[in-house]
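Spelled out from the first residue to the last, the chains are:
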Amino acid sequence: MAKMGEYRLKAYELLYAYPLSDFVETGAKKRSINLLILGNGWMGNELFKAAFWAGQSVDTELNITVASQNAEEYGEKILATGSGAFFPALREYAEKKHYANLRFIDVDVKDGLDGMGLDLLEFEKYHYNYVVISLGDAEHTWLAA
């Protein structure tokens, strides 16, 4: 099996074992799922796709934040439309149909390990209730976790 297929299955297995719906936050205003994906390599990309297309729940807002050294560039690529786009309908579903709220934040994980780089994620404001860390480097993944 190709590496991409392996990562896709691992993402599905993770979401099957720990469904996003089990981590819904019930606030004063509305119910929400606040997913943080730290790292957008193969695993982060597959998890983003799986969560976006299957992470919605009735009367629950889905918020996905992708944070990595090149998250903004990644966001531009996946929100691109037209010929050759990675996910040609994603922008329409995210923005026009309010399928999910997406944020892409450039962070430097090395800076974040000492508390500075990860401040951009505003943990107090966004109340991430589902966090996946897949930085491609085991040491940085464990330290960030």
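Up top is the structure.
In what follows, the accompanying structure is described.

Here is what the cut-offs are and how they apply
- Residues numbered from 1 in each chain as written.
- Predicted model: local features only at pLDDT ≥ 70, side-chain atom pairs only at ≥ 80, totals over all residues.
- Heavy atoms only, no water.
- 1 Å grid on protein atoms, 1.4 Å probe; cavity = no way out; pocket = protein on both sides within 12 Å on 5 of 7 lines; lining within 4 Å.
- Points joined across faces, edges and corners; volume = space filled by probe spheres on them.
- Helix = DSSP H or I, 4+ residues; strand = E, 2+ residues; numbered from the N terminus.
- Nonpolar A, V, L, I, M, F, W, Y, C, P; charged D, E, K, R; others polar.
- Expected span 1.5 Å × (residues − 1).
- Buried < 20%, exposed > 50% of the residue type's maximum accessible area, 1.4 Å probe, protein only.
- Polar contact = N/O pair within 3.5 Å; in protein donor to acceptor, adjacent residues only side chain to side chain.
- Pairing = 2+ DSSP bridges.

With that settled, the discussion passes to the layout of surface pockets. Roughly 310 Å³ of volume is contained in the largest pocket. In terms of lining residues, the largest pocket is bounded by 18 residues, among which Ser32, Asn34, Glu61, Asn63 and Tyr126 are the most central. Mapped onto the lining of the largest pocket, the elements with two or more residues apiece are strand E2 (31-38), strand E3 (60-68), strand E4 (101-106) and helix H6 (123-126). No other element matches E3, which puts four residues into the lining of the largest pocket. For the lining of the largest pocket, the class distribution of residues is five nonpolar, seven polar and six charged.

Before going further, it helps to examine helix H2 (residues 42-54). When the terminal C-alpha atoms of H2 are compared, their 18 Å separation across 13 residues agrees well with the 18 Å that a helix rising 1.5 Å per residue should span. Burial runs high along H2: ten of the 13 residues are buried. Looking at H2, one finds that the buried residues are Met43, Gly44, Asn45, Glu46, Leu47, Phe48, Lys49, Ala50, Ala51 and Phe52.

Mapped onto the elements, glutamate 46 comes out in helix H2. Taking C-alpha positions, glutamate 46 is 9.9 Å from glutamate 6, a pair spaced 40 residues apart along the chain. Looking at glutamate 46, its side chain comes within polar contact range of the side chain of lysine 49, at 3.0 Å.

Residues of strand E5 (residues 130-133) alternate between two faces, with Tyr130 and Val132 buried on one and Val131 and Ile133 left unburied on the opposite face. Sheet topology note: the E2/E5 ladder contains four bridges and is parallel. Along E5, the bridge assignment pairs leucine 36 with valine 131.

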